Amino acid sequence: DREVSFSSVAARDWAKLRRPLVYSLLAGVALAVYLLSWVGGALVVFIIFVFAFAQYTSDHLRGRPTDYLCVAGVPCFAVALLLLLPFLAQLAYGGMQALALLVIIVAFIGLSGLSSAMIRRSIRPAFCPLAVLILTGAGLAAFYVIAPSKLSTLLGELHWLDPRGVDVTIGEVRPFARSMIWEEFTTSFYLSLAGLAALAYAVIRQGVAEKTLLLVWSAVMLLAMLSENRFSYYFAVNVSLLTAYFVWLAAAFVSARVIPRHSGTDAAEAAERFNPGKHKDKARRASKRRKERGQRSGPGLPAMGSPLGRIGYGIVATLVVFFLVFFPNIGMAIDKAGEKVSQVATWRDPLLWMRENTPDPFGDPDFFNQVYDTPPEGADYAYPESAYGVMAWWDYCHWITDIAHRIPNSNPHQHGASAAARYFTSQDESSANEMLNELGSRYVIEIGRASCRERV
């Protein structure tokens, strides 16, 4: 909207740059906080990476300037990277997140350079998609030569697109099934798909950046959810936005054919009120187009021209939207809120018994809440002689840590999951006990009965 460009930066035109840069820097802070809070936050960087390629290509094909993308994007990701760097040692995937931010900064700069070079050399815009593919290939090749292991790790993080093998034994990693649609989203899922289709049509026709970003974001999250059902809680945000977008479009479409149009003068005055100053001509053209569309679609229903008719239409439209969108979700939310968390309740008593009736692994119950020194890099933690493990299937082991204050042999991060699987599928008692000895396990929590028994 402010038509920022590299010329604006070179001329230090703060009247144009101030607000976009402030928002860009704040977005960078928000992204850094998100990446510091969630190890999978690089997915957001991937989404904007895909958006950048789509929007640069779209703008260039339409003959629009692309500078604004780089001017707004690079400061955002640079700020996020700078805020992330001091904490890399404390983050499980800090190096991966920093690498993702560096890659997207290079991508924004490279795409801007490509667009500028094609314009300077008067290369036909139709060649832009091919040029983007060549640039992407060259970038991947350079990345492979400089840091092949980093590229392999980065590409390996896309495994969520096609989970296989033992991964699909995890309930939340399995593909999204049609039977889950109603339980997760009710009617909103189908309305959101209609909104996604309408949004794709608008992007193809207009290529507006904010709609392209919403489309790419929603499409990636839909694909992620279909691959692994646990992404449904992320896609819920997109479902809400897309449903609202579709309802808004549908209401505008119906009202244009039900409520009689105002005169051209009234439309122009309304457009001027909402589009003052330099947008006056644009607003007049828009109101003229709206008037022409109104003439083509008919004058509307005469009864709706009165204030009472409009009120009646508003009431009917509100009721339709309420029962179509909100009512099914309200009922589902009430049902979910009323469910008892039976699993946690079943496990709580045995784990409290364990906490109060078994030896403390560290000899001091207060140790659980103390901060301990991290061992040197590459070294194992030095457990005291009194320490022991608790064998249980990995799904439930955070509860063992949190409620029982004991050390599980596996956990939901998949640490020790293979060993736990071998134990629970062992065919005889001697081999099972041998595994427990190797793991230092003293107690076993039996699956299905949530009872704790000490090894004999």
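Before going into details, it helps to say that this report is about the structure given with it. (Residues numbered from 1 in each chain as written. Predicted model: local features only at pLDDT ≥ 70, side-chain atom pairs only at ≥ 80, totals over all residues. Heavy atoms only, no water.)

## Concerning the overall build of the protein chain
At step 1: In terms of regular secondary structure, the protein chain is built from 18 helices and three strands.
At step 2: The buried share among the 456 residues of the protein chain stands at 34%.
At step 3: Contacts spanning at least 24 positions in sequence make up 66% of the contacts within the protein chain whose residues lie at least 6 apart.
At step 4: Of the roughly 27900 Å² that the protein chain leaves accessible, carbon and sulfur atoms contribute 63%. (Helix = DSSP H or I, 4+ residues; strand = E, 2+ residues; numbered from the N terminus. Buried < 20%, exposed > 50% of the residue type's maximum accessible area, 1.4 Å probe, protein only. Contact = heavy atoms within 4.5 Å. Areas by Shrake-Rupley, 256 points an atom, 1.4 Å probe, with all protein chains shown as cover.)

## Side note on unusual backbone geometry
At step 1: Non-glycine residue serine 122 carries a positive phi angle of around 55°.
At step 2: Among the secondary structure elements, serine 122 is positioned in the loop between helix 5 (94-120) and helix 6 (128-146).
At step 3: The exposure class assigned to serine 122 is exposed, which follows from its relative accessible area of 65%.
At step 4: Here the phi dihedral of glutamine 414 falls at roughly 75°; this positive angle occurs in a residue that is not glycine.
At step 5: Note that glutamine 414 resides in the loop between helix 16 (397-404) and helix 17 (417-424).
At step 6: A relative accessible area of 34% means that glutamine 414 is categorised as partly exposed.

## Comments concerning the side chain of threonine 212
At step 1: Mapped onto the secondary structure, threonine 212 falls in helix 10 (residues 209-227).
At step 2: A residue is classified by how much of its surface remains accessible, and threonine 212, at 4% relative accessible area, is buried.
At step 3: The contact partners of threonine 212, leaving out residues within four places of it in the chain, are Phe51, Ala54, Gln55, Val203 and Gly207.

## So, the packing of aromatic side chains
At step 1: All told, the structure shown has 23 aromatic pairs when counted by the stated rule.
At step 2: On the numbers, 5.9 Å between centres and 20° between planes, the contact of phenylalanine 185 with phenylalanine 189 is stacked. Summarising the burial analysis for this pair, phenylalanine 185 and phenylalanine 189 share the class buried.
At step 3: For the pair tyrosine 423 and phenylalanine 424, a centre-to-centre distance of 5.0 Å together with 75° between the ring planes defines the contact as edge-to-face.
At step 4: Since its relative accessible area comes to 30%, phenylalanine 424 is described here as partly exposed.
At step 5: Connected via pairs of aromatic rings, a cluster forms that spans Phe176, Phe185, Phe189, Tyr190 and Phe235. (Phe/Tyr/Trp six-rings, centres within 6.5 Å; stacked < 30°, edge-to-face > 60°.)

## A look at the pairing of strand 2 (residues 441-446)
At step 1: Counting buried residues in strand 2 gives five out of six residues, a clear majority hidden from the surface.
At step 2: In terms of strand pairing, strand 1 (residues 389-391) meets strand 2 through three bridges, oriented parallel. Counted as the bridge partner of valine 390 is tyrosine 443 from strand 2. (Pairing = 2+ DSSP bridges.)

## Details of the packing of helix 3 (residues 42-61) against helix 6
At step 1: Here helix 3 crosses helix 6 at 145°, and the two axes come no closer than 9 Å. In the packing of helix 3 onto helix 6, the handedness of the crossing is right-handed. Of the residues in helix 6, those in contact with Phe53, Thr57, His60 and Leu61 of helix 3 are Cys128, Pro129, Val132 and Thr136.
At step 2: For the contact of helix 3 with helix 6, the per-class residue count stands at five nonpolar, three polar and no charged. (Axes fitted to C-alpha atoms, helices over the stretch in contact; angles between N-to-C directions. Left-handed = near helix turned anticlockwise from the far one by under 90°. Nonpolar A, V, L, I, M, F, W, Y, C, P; charged D, E, K, R; others polar.)

## Thoughts on the packing of helix 10 against helix 11 (residues 232-258)
At step 1: Close contact between helix 10 and helix 11 brings their axes to 9 Å; oriented N to C, the two are set at 135°. Relative to helix 11, the element helix 10 lies oblique. Every pair of crossing elements has a handedness; the one defined by helix 10 and helix 11 is left-handed. Of the residues in helix 11, those in contact with Lys211, Leu214, Trp217, Ser218, Met221, Leu222 and Met225 of helix 10 are Ser232, Tyr234, Phe235, Val237, Asn238, Leu241, Leu242 and Tyr245. (Parallel < 35°, antiparallel > 145°, perpendicular 65-115°, else oblique.)

## Describing a nonpolar patch on the surface
At step 1: Taken together, the side chains of Ile311, Ile315, Leu319, Phe322, Phe323, Phe326, Phe327, Ile330 and Ile334 make up a nonpolar region of the molecular surface, amounting to roughly 900 Å² of accessible area.
At step 2: With respect to the helices and strands, isoleucine 334 occurs in helix 14 (residues 307-338). (Patch = residues over 30% accessible without salt bridge, like charges linked within 9 Å, V, L, I, M, F, W, Y side chains within 5 Å. Salt bridge = Lys/Arg side-chain N within 4 Å of Asp/Glu carboxyl O.)

## Here's the deal with helix 5
At step 1: Compared with an ideal rise of 1.5 Å per residue, which puts 27 residues at 39 Å, helix 5 spans 39 Å between its outermost C-alpha atoms and is within 8% of the ideal.
At step 2: Phi turns positive one or two residues past the end of helix 5, at serine 122, with a value near 55°. (Expected span 1.5 Å × (residues − 1).)

## Remarks on the nonpolar core
At step 1: Counting residues in hydrophobic clusters, the biggest one holds 55 residues, and the most contacted among them are Leu101, Phe108, Met225 and Phe235.
At step 2: The leading source of residues in this core is helix 5, at ten residues.
At step 3: Beyond its immediate sequence surroundings of up to four residues, phenylalanine 108 is in contact with Ile48, Ala52, Tyr56, Leu69, Cys70, Gly73, Val74 and Phe77.
At step 4: Judged by nonpolar contacts, the second largest core, of 13 residues, contains Leu351, Cys397, Ile400 and Ile445. (Core = buried A, V, L, I, M, F, W, Y, C linked by side-chain atoms within 4.5 Å.)

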